[in-house]
Amino acid sequence: MKIRVIADAAQRAEIEAWLREKGVDTGDDGELLLTCPGAWADRLMGRDGGNLVPIPTAALIGVESCGHEVTARTADGVFRLQERLVQLERMLDPEKFMRVSSSAIIARDRVRRITPTLFQKFILTMEGGWTVDVTRSYYQIFRDAFGI
């Protein structure tokens, strides 16, 4: 078993050392996630084909799920993630990221265009041309966050 620790640098080092003493492996590719309150992930581990790729959260445009596959979008491409969207929502800083539908999380500062549509929806054009819908369930939360 391998555990991924999300904490500030000092806490992470202390927790990882304690886990290693107990015989538990730690690393960015851990199956289990241990998150300290108020700590946000600074990178995700994605896959590009068979290769593991560290993805700085500052480079994220958004995260999307389709079926059982979750992908991260950056200017460098699309990478498959092992985490589920609900886990990512807890890992990413809510000041920088927000959920806009049951299948998408966006980087707030990467929104390039907001197009209102009928029936309480928005279509967002993100940096790089990716479009994503803000669904009715998230409509008011999005409006409040963006001051619309």
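Residues numbered from 1 in each chain as written. Predicted model: local features only at pLDDT ≥ 70, side-chain atom pairs only at ≥ 80, totals over all residues. Heavy atoms only, no water.

Describing the packing of aromatic side chains
Applied cut-off: Aromatic pairing here means that ring centres of Phe, Tyr or Trp (its six-membered ring) are within 6.5 Å. Orientation follows from the plane angle: under 30 degrees is stacked, over 60 is edge-to-face, and everything else is tilted. What counts as a helix is a DSSP run of H or I of at least four residues, what counts as a strand is a run of E of at least two, and both are numbered from the N terminus. Three exposure classes are used, based on accessible area relative to the maximum for each residue type with a 1.4 Å probe and protein chains only: buried under 20%, partly exposed in between, and exposed over 50%.
What the rule picks out here adds up to 3 aromatic pairs. Judged by centre distance (4.9 Å) and plane angle (15°), the rings of Phe 122 and Tyr 139 are stacked. With Phe 122 in strand β12 (residues 121-126) and Tyr 139 in helix α3 (residues 136-146), the pair connects residues that are 17 residues apart, well separated along the chain. According to the relative accessible area criterion, Tyr 139 is buried, its value standing at 14%. Summarising the aromatic geometry, the rings of Phe 142 and Phe 146 are spaced 4.4 Å apart at their centres and angled 25° between planes, so their arrangement reads as stacked.

Looking at helix α1 (residues 9-21)
Worth spelling out the cut-off: To estimate the expected span of a helix, count its residues, drop one, and scale the result by 1.5 Å. This arc is taken over the directions from the axis of the helix to the C-beta atoms. Residue contacts follow a heavy-atom distance rule, with two residues in contact if any of their heavy atoms lie within 4.5 Å.
Spanning 13 residues, α1 covers 18 Å between terminal C-alpha atoms, matching the ideal 18 Å at 1.5 Å per step. Of the residues making up α1, those classed as buried are Ile 15, Glu 16 and Leu 19. Along the long axis of α1, the arc covered by the buried residues comes to 100°, so they all point the same way. Exposed side of α1, more than 90 degrees from the buried face: Ala 10, Glu 14 and Glu 21 are the residues found there. Against the buried residues of α1 lie β1 (2-6), β2 (25-26) and β3 (32-35). Looking one or two residues beyond α1, the residue adopting positive phi is Gly 23, at roughly 85°.

Focus on the sheet that holds strand β4 (residues 43-48)
What counts here: Criterion used throughout: strands pair if DSSP finds at least two bridges between them. What counts as an axis is a line fitted to C-alpha atoms, over the stretch in contact for a helix, and the angles between N-to-C directions run from 0 to 180 degrees.
In spatial order, the strands read β5-β4-β8-β7-β6-β10-β9; together these 7 strands make up an open sheet with antiparallel pairing. Either end of the sheet is taken by a strand with one partner, and the two such strands are β5 (51-56) and β9 (97-101). Pairwise comparison of adjacent strand axes, ignoring direction, gives a mean angle of 35° for this sheet. For β9 and strand β10 (residues 104-107), the ladder comprises 4 bridges, and the chain directions are antiparallel. Counted as the bridge partner of Phe 97 is Ala 107 from β10. Most of the contacts of α3 go to β9, to which it runs at about 145°, and overall it touches β9 and β10.

Read these as layout, nothing more, since geometry by itself doesn't imply function.
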